[in-house]
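For reference, the chains in residue letters:
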Amino acid sequence: ISDCEESEAAGVICKPGPLSRLTAQRTTTTTTTTMSPLTTTTTRAIRTPLSVGQTAKPENSSAIPADASSAATKRVQQDMAPAMRIKDIIGSKGKIRLRGGRSKEEGRVEVKIGNNANDWGLICGDGWSLFEAGVVCRELKLGYAQNALQTDFFGGNRSSLALSGVKCHGSEKSLMDCLHDRFGAVSCPGNANNIATVVCASEMADLVPDAQEMMRTAHLEDRQLFFLQCAMEENCLAASAYQVQKDDPYGWHLETRRLLRFTARIANMGTADFKPFIPKHMWEWHACHMHYHSMEVFAHFDIINSLGVKVAEGHKASFCLEDNQCTHNTEPVYKCANYGDQGISVNCTDTYHHNIDCQWIDITDIDPGIYTF
């Protein structure tokens with residue numbers, strides 16, 4: 001029985017010849033898994049060439065310090081080191097805290113790195129995401145991660161950076177269980193304000209798409225551009241459709257597009273209602289479809305090829321967020337009729353059926369093959 005994960009697998013990096021001719025390549029592999037029932041595993045390899053020149057004495061020996069080569073070699077060896085869990089460096093009893101925020105739920109993330117009271121270090125914001133922020137908020141019992149920011153808005157400076165390359169899966173109980181690249185002498189790319197910060201919230205909406213409903217309703221439809229003119233105004237087609245309209249101003253409407261249609265049923269499984277980000281008086285009226293848009297982009301839909309490259313995309317502007325179906329004896333609250341309030345209550349779902357305009361991905365330009373939706 002072992003708790004070893006794939007990301008902790010043992011590995012080696014070999015080098016030919018003497019160290020003075022060192023040429024190496026570091027490979028970091030990250031594995032992510034999408035939610036069931038359609039489970040897709042993607043492996044991403046990032047290769048960074050590392051090299052150190054000859055250490056033979058140069059013609060002008062006074063121009064380079066005697067220990068320059070050894071220092072460069074040491075930096076290479078540090079960069080070549082595999083990612084390790086934070087607790088393997090500073091111990092399993094390491095602590096974190098938030099500082100500089102306007103409330104206790106936000107601030108820069110600081111890690112205890114020594115025994116003295118003032119031995120706290122910052123985290124480089126490079127690659128900082130909601131996965132890491134979620135672990136921080138959960139460990140500090142502050143609820144959920146609302147934002148993962150890279151900023152010095154909450155104070156701090158680069159001279160206090162102690163960790164870089166922090167990576168979490170999102171399910172860790174403590175940030176100490178997450179991986180990191182370097183500790184101590186940290187090289188943090190980006191701007192000077194690249195500091196890891198979080199904003200936590202005690203309650204949040206959690207929108208979960210119904211993958212089974214998408215699979216059940218997915219189908220192809222060939223449709224002329226004449227019937228898609230309203231959708232074109234909302235940029236719901238691929239760029240080539242607009243190029244056709246530009247190249248053939250008289251016959252473009254007779255061209256056909258192939259659409260992957262599907263129903264999107266979105267459930268709110270969180271602890272707070274989901275509402276549009278802008279107030280009702282700022283909603284945008286769309287004359288062609290004769291309705292308001294409460295959110296310019298509510299959902300994104302992508303088609304990914306076998307190399308992990310996005311080859312087609314779609315988006316859905318929200319014109320009606322309402323409680324279509326509710327469970328656990330929850331009473332519907334939000335209704336779009338008569339310019340009503342929009343939103344999705346906890347334990348309720350909002351459904352966009354496949355026959356609604358823009359509820360598709362334009363796959364006209366995609367070659368036959370196997371793709372991930």
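These notes cover the structure that comes with them. (Residues numbered from 1 in each chain as written. Predicted model: local features only at pLDDT ≥ 70, side-chain atom pairs only at ≥ 80, totals over all residues. Heavy atoms only, no water.)

**Overview of the pairing of strand E21 (residues 348–352)**
Move 1: Across the 5 residues that make up E21, a large majority, 5, are buried.
Move 2: Because side chains alternate across E21, one face comprises the buried residues Cys348, Asp350 and Tyr352, and the other comprises Thr349 and Thr351, equally buried.
Move 3: Across 4 bridges, strand E15 (residues 264–268) lies against E21 in antiparallel orientation. Each residue of the ladder has a partner; that of Ala264, found in E21, is Tyr352. (Buried < 20%, exposed > 50% of the residue type's maximum accessible area, 1.4 Å probe, protein only. Helix = DSSP H or I, 4+ residues; strand = E, 2+ residues; numbered from the N terminus. Pairing = 2+ DSSP bridges.)

**A look at unusual backbone geometry**
Move 1: Of note, Lys141 is a non-glycine position whose phi angle comes to about 60 degrees, a positive value.
Move 2: Residue Lys141 is classed as exposed on the basis of its relative accessible area, which comes to 74%.
Move 3: Of note in this structure, Tyr339 is not a glycine but carries a positive phi near 60 degrees.
Move 4: With respect to the helices and strands, Tyr339 occurs in the loop between strand E20 (325–326) and E21.

**Re the pattern of salt bridges**
Move 1: With the rule as written, the count across this model stands at 15 salt bridges.
Move 2: One salt bridge connects Asp362 with Arg257, and the closest N-O pair in it is separated by 2.9 Å. Taken as a pair, Asp362 in strand E22 (residues 360–362) and Arg257 in strand E14 (residues 256–261) lie far apart in primary sequence, 105 residues in all.
Move 3: By relative accessible area, Arg257 is classed as buried at 4%. (Salt bridge = Lys/Arg side-chain N within 4 Å of Asp/Glu carboxyl O.)

**As for the packing of aromatic side chains**
Any two aromatic rings considered together are summarised by their centre-to-centre distance and by the angle between their planes.
Move 1: Taken as a whole and assessed by the stated rule, the structure comprises 10 aromatic pairs.
Move 2: Plain terms: the ring middles of Phe153 and Phe154 are 5.1 Å apart, the flat faces sit at 85 degrees to each other, and that makes the pair edge-to-face.
Move 3: Exposure remark for Phe153: the relative accessible area of 54% places this residue in the exposed category.
Move 4: You can call Phe154 buried: its relative accessible area is 5%.
Move 5: Grouping aromatic residues by their ring pairs yields a cluster made of Phe274, Phe277, Phe298 and Tyr352.
Move 6: Stacked on the ring of Trp120, the Lys or Arg Arg97 has its end atom at 4.0 Å from the ring centre. (Phe/Tyr/Trp six-rings, centres within 6.5 Å; stacked < 30°, edge-to-face > 60°. Lys NZ or Arg CZ within 6 Å of the ring centre and 35° of its normal.)

**Some details on a nonpolar patch on the surface**
Move 1: There is a patch of nonpolar side chains on the surface, built from Met84, Ile89, Ile113 and Phe183 and spanning about 310 Å² of accessible area.
Move 2: With respect to the element layout, Ile89 can be found in helix H2 (residues 87–90).
Move 3: Judged by relative accessible area, Ile89 falls into the partly exposed class, the value being 39%. (Patch = residues over 30% accessible without salt bridge, like charges linked within 9 Å, V, L, I, M, F, W, Y side chains within 5 Å. Areas by Shrake-Rupley, 256 points an atom, 1.4 Å probe, with all protein chains shown as cover.)

**So, the sheet that holds E22**
Move 1: Strand order across the open sheet formed by 3 strands is E13-E14-E22, with antiparallel pairing between neighbours. Each end of this open sheet is capped by a strand with a single partner; those strands are strand E13 (219–224) and E22. Direction aside, the axes of adjacent strands within the sheet are offset by 35 degrees on average.
Move 2: Note that E14 and E22 share 3 bridges and pair antiparallel. Note on E22: the bridge partner recorded for Leu260 is Ile361. (Axes fitted to C-alpha atoms, helices over the stretch in contact; angles between N-to-C directions.)

**Brief notes about the sheet that holds E20**
Move 1: In spatial order, the strands read E12-E15-E21-E20; together these 4 strands make up an open sheet with antiparallel pairing. Of all strands in the sheet, those bounded by a partner on one side alone are strand E12 (207–209) and E20.

**Quick look at the pairing of strand E5 (residues 106–112)**
Move 1: Of all 7 residues that make up E5, 7 are buried, and the element is covered over most of its length.
Move 2: The pairing of strand E4 (residues 96–100) with E5 spans 5 bridges and is antiparallel. Each bridged residue has a counterpart across the sheet, and for Leu98 the counterpart in E5 is Val109.
Move 3: Hairpin connection between E4 and E5: a loop of 5 residues separates the two successive antiparallel strands.
Move 4: Looking at chain direction, E5 and strand E11 (residues 196–201) are connected through 3 bridges and run antiparallel. Bridging across to E11, Gly107 finds its partner in Val198.
Move 5: Of the strand pairs in this sheet, E5 and strand E6 (residues 120–123) are connected by 3 bridges, and their pairing is antiparallel. Directly across from Glu110, in E6, lies its bridge partner Leu122.

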